[in-house]
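A structural walkthrough
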Amino acid sequence: MSLENRAKAATKNVEGKVQETVGDMTGNTKDQMQGNAKQAEAKVRNAAEDVKDEVKKADD
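What comes next concerns the included structure. (Residues numbered from 1 in each chain as written. Predicted model: local features only at pLDDT ≥ 70, side-chain atom pairs only at ≥ 80, totals over all residues. Heavy atoms only, no water.)

**Brief notes about helix H1 (residues 3–26)**
Basically, it comes down to this: Only DSSP runs of H or I reaching four residues or more are called helices, and only runs of E reaching two or more are called strands; each is numbered from the N terminus. One less than the residue count of a helix, multiplied by 1.5 Å, gives the span that helix is expected to have. Here, two residues are considered to be in contact whenever any of their heavy atoms come within 4.5 Å of each other.
Compared with an ideal rise of 1.5 Å per residue, which puts 24 residues at 34 Å, H1 spans 35 Å between its outermost C-alpha atoms and is within 8% of the ideal. Next to the buried residues of H1 lie helix H2 (29–59). Just beyond H1, the residue with positive phi is Gly 27, at close to 80°.

**Description of the pattern of salt bridges**
Going by this rule: Throughout this description, the term salt bridge denotes a Lys or Arg side-chain nitrogen within 4 Å of a carboxyl oxygen of Asp or Glu. Partly exposed describes any residue whose relative accessible area lies between the buried limit of under 20% and the exposed limit of over 50%, with all areas from a 1.4 Å probe on protein chains only and scaled to the type maximum.
Per the counting criterion, the structure on display carries six salt bridges. Residues Asp 50 and Arg 6 are paired through a salt bridge, measuring 2.9 Å at the closest nitrogen-oxygen approach. You can see Asp 50 sitting in helix H2 and its partner Arg 6 sitting in helix H1, a full 44 residues away along the chain. On the basis of relative accessibility, which here comes to 40%, the residue Asp 50 falls in the partly exposed class.

**Quick notes on the packing of H1 against H2**
Heads up, the rule is: Here an axis means a line fitted to C-alpha atoms, over the contact stretch when the element is a helix, while the angle between two N-to-C directions is reported on a 0 to 180 degree scale. Working definition: roughly parallel below 35 degrees, roughly antiparallel above 145 degrees, roughly perpendicular at 65 to 115 degrees, and oblique for all remaining angles. For any helix crossing, the convention is left-handed if the near helix is rotated counterclockwise from the far helix by under a right angle, and right-handed if that rotation is clockwise. When residues are sorted by character, Ala, Val, Leu, Ile, Met, Phe, Trp, Tyr, Cys and Pro go into the nonpolar class, Asp, Glu, Lys and Arg into the charged class, and all the rest, Gly among them, into the polar class.
H2 packs onto H1 with a crossing angle of 160° between their chain directions and a minimal axis gap of 7 Å. By the criterion of interaxial angle, the relationship of H1 to H2 is roughly antiparallel. By crossing handedness, the relation of H1 to H2 is classed as left-handed. Of the residues assigned to the contact of H1 with H2, the class counts are three nonpolar, eleven polar and 15 charged.

**Observations regarding the side chain of Asp 53**
Operational definition: A 3.5 Å cut-off defines polar contacts: any pair of N or O atoms within that distance qualifies, except that in protein one atom must be a possible hydrogen donor and the other a possible acceptor, and neighbouring residues in sequence count only when both atoms are side-chain atoms.
Looking at the secondary structure, you find Asp 53 in helix H2. On the accessibility criterion, Asp 53 (16% relative accessible area) is buried. Reaching out from Asp 53, the side chain makes a polar contact with the side chain of Arg 6 at a distance of 2.8 Å.

**A short note on H2**
Here H2 is 31 residues long and its end C-alpha atoms lie 45 Å apart, about the 45 Å a rise of 1.5 Å per residue gives. Buried within H2 we find Asp 31, Gln 32, Gly 35, Gln 39, Ala 42, Glu 49 and Asp 53. Residues of H2 that are buried sit in contact with H1. Capping of H2 at its N-terminal end is provided by Asn 28; its side-chain oxygen lies 2.9 Å from the backbone amide nitrogen of Lys 30.

Honestly, that's just the spatial picture; any functional story needs more than this.
Structure representation (structure tokens):
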């Protein structure tokens, strides 16, 4: 497990939530979409780390 990669994913998720919220408040659909995309990227990064963890467990 890469703690650094998980931290990056968490940061990306928070950035996405903030950007989406700003987009919601201002009515800016571009910010809403970009915020959602960042959150989706964070989920993918976490899923990749989960797979790495499972592979490592299987090797042990």
